Amino acid sequence: MLRPDLVLIGLSPGALRLATVRGSRLTQVEHVRLDPASWTTSWENGLRDLEKPLNGALAAGGVRAGSRARVIYTAPGTFVDCTSVPLHGARALQAAHLMLRESTTDGASRVTSACPVLREDASEFQGVLDPARSHVLLAGEQVSHVEAIGGLMIRAGLTIDSLVPARSLLASAAIRAAASCPDDGAHALVWIDSHTTIIVAKNRGRMLFVRMLDLGAAPLAQAFERAAANAGRPMHADAAMALLMTVGVPARGTLVDPATGLKAESVLPLMQSILQRFIVETKQSLRFGLPEGDLARATVHLAGPGAEVPGLGAMFAGELDWAVSRAEGHAAGPSSSGGIPDPAGELAHAITAFHRSMALLPPSEARRREETALRRAVWTGALAAFAVVGGLWYQARARLAETESRTAMLESRVAAVRSQRELRELAAATSAELVSATGAVIQAMPARPHWKATLANLTQIVGPDIELAEVAGSPAKDGTSSSILTLRGTSWPAEDARSAEDVLAGLIDRLSKSPLVESARMVSTRSEFAAGQEVKQFTIAVTLRTLPVPMPGLRHAALDPEAAP
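Residues numbered from 1 in each chain as written. Predicted model: local features only at pLDDT ≥ 70, side-chain atom pairs only at ≥ 80, totals over all residues. Heavy atoms only, no water.

**Here we look at the pattern of salt bridges**
If charged atoms from side chains of opposite charge come close, those side chains can pair. With the rule as written, the count across this model stands at 18 salt bridges. Between Glu 281 and Arg 277 there is a salt bridge; the shortest N-O distance is 3.7 Å. One end of the pair is Glu 281 and the other is Arg 277, both in helix 8 (residues 264–289) and four residues apart, which spans about a single turn. Under the relative-accessibility criterion, Glu 281 is labelled buried at 15%. Owing to a relative accessible area of 35%, Arg 277 belongs among the partly exposed residues under this scheme. What you see here is one network of salt bridges that share partners, running through Arg 48, Glu 51 and Arg 155. (Salt bridge = Lys/Arg side-chain N within 4 Å of Asp/Glu carboxyl O. Helix = DSSP H or I, 4+ residues; strand = E, 2+ residues; numbered from the N terminus. Buried < 20%, exposed > 50% of the residue type's maximum accessible area, 1.4 Å probe, protein only.)

This is the structure in structure tokens:
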């Protein structure tokens, strides 16, 4: 959004100026002549009599409604002063504000400002030790005056950029001009404007004081008007100022204006008191402000628009006890009011950055800006909060979409896992039912011998000297009888036994000790010869123990030889 156009408005006794700004240049200047005699009355009436000339200047300058107005003004009772304090930075400004409140009796009803440090003098310069000091420019204006200017701008359809006392801009220009004076010896710069004279003293590179006087070149031009009026030949203010800048301080016996026949003797008496005040104020300022040892060698430099008045420099040189010269680069310059031929006047100083530090605002405008800033901050905060919430919502939506995508991808896996879990649960339930049913069946079955384990055990009991020809089992007919295992075979005499009967006795003994056998007895034996040896044909009846039916999957060392360690 483009900022509104900036227009500079100058309000001073006798003149209203208006200038448009493009970049850092004044592109158009409108000048409206005012009556200096009604200046004080205009402020008492709230500047309402300036509405018509201001609207005319705005129309002539093509200024659009809503443009920003920077007002450079001169008002009765405006306080502008420069003070020196032995402090630096923020402490210097605090001390300056305190001095401003003490210097004005109506400080509570004034709008004040303090320029950041104009200049800081070091504690040592050219080998001379002096206390370090800061020079601060102060400004104070009555609330009624700044409100009157604000009301005038609002009625003209403009917005207020800032209000700057013209004297503070001139003081800044004079101080900058004094800074260019040589650093050796004592120097005093006298800046002469239309209605203001500023004296800046400098000694050995250090600024000593700044004094401001309600005195300027405009009263010298008014001397020509009064002289012409006394002669019955009224003269316009512009013609009087042009005559001042052409003739200056006239020499006795000269014809000042051939058109009106005005002579120097008619003008000089009216100028005398003004010129005398220039000299007296300058002398008193230097004698009380400069060190006595350096006073005799002081140099006075004339600067500002008033320095261009012919004969004024010669008058200073003839009346002062010090050398007088023109300040280089500052002899000419803009005027603070409507007299000296410079269309921009004090407005030329208002395009520098210095004006911001000395700007004043009407309290009503300051409150309006605070409210606007507050509303803007609220809207900015709301937009920021909306942006943050929107960003969080977007992130949440992105994460939700990612989660939904992953959920959809995992749904098939979840279904498979769920199916497997259901199958496992079904298998576990079925297995539990089978175990329960098997246990019930086994509990219902009667005890019986373990035939497989018995046969397996028999292979371990029968030694190498026994040949089994027949193994026959007779299960029990009912629950009261026992199962019989009948063994038939041949017993060969062992090398360590005396006869085959001893081998059979050992077999009977081993069978009887088996945990699967309840008893073993010899049924019959008979002797035969085979391979030149006596052998025994035998029949053995083995009564087997009845055992509980084992659960499927269980192994017992006594029943299953494969389970033995």
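**Digging into the sheet that holds strand 2 (residues 15–22)**
Pairing is mixed in the open sheet, where five strands are placed in the order 3-2-1-4-11. The sheet terminates laterally at strand 3 (25–33) and strand 11 (159–165), the two strands that pair on one side only. The sheet shows a mean angle of 20 degrees between the axes of neighbouring strands, taken without regard to direction. In terms of strand pairing, strand 4 (residues 68–73) meets strand 11 through six bridges, oriented parallel. Paired with Ala 69 across the two strands is Ile 160, which belongs to strand 11. (Pairing = 2+ DSSP bridges. Axes fitted to C-alpha atoms, helices over the stretch in contact; angles between N-to-C directions.)

**A short note on the nonpolar core**
Core analysis: the largest hydrophobic core is formed by 47 residues, its most contacted members being Phe 224, Leu 244, Val 267, Met 271, Leu 286, Leu 312 and Phe 316. Residue assignment for this core shows that the elements contributing at least two residues are strand 12 (186–192), strand 13 (197–203), strand 14 (206–213), helix 6 (218–230), helix 7 (237–247), helix 8, strand 17 (299–303) and helix 10 (312–319). Counting residues in hydrophobic clusters, the runner-up holds 32 residues, among them Leu 137, Ala 139, Trp 191 and Met 212. (Core = buried A, V, L, I, M, F, W, Y, C linked by side-chain atoms within 4.5 Å.)

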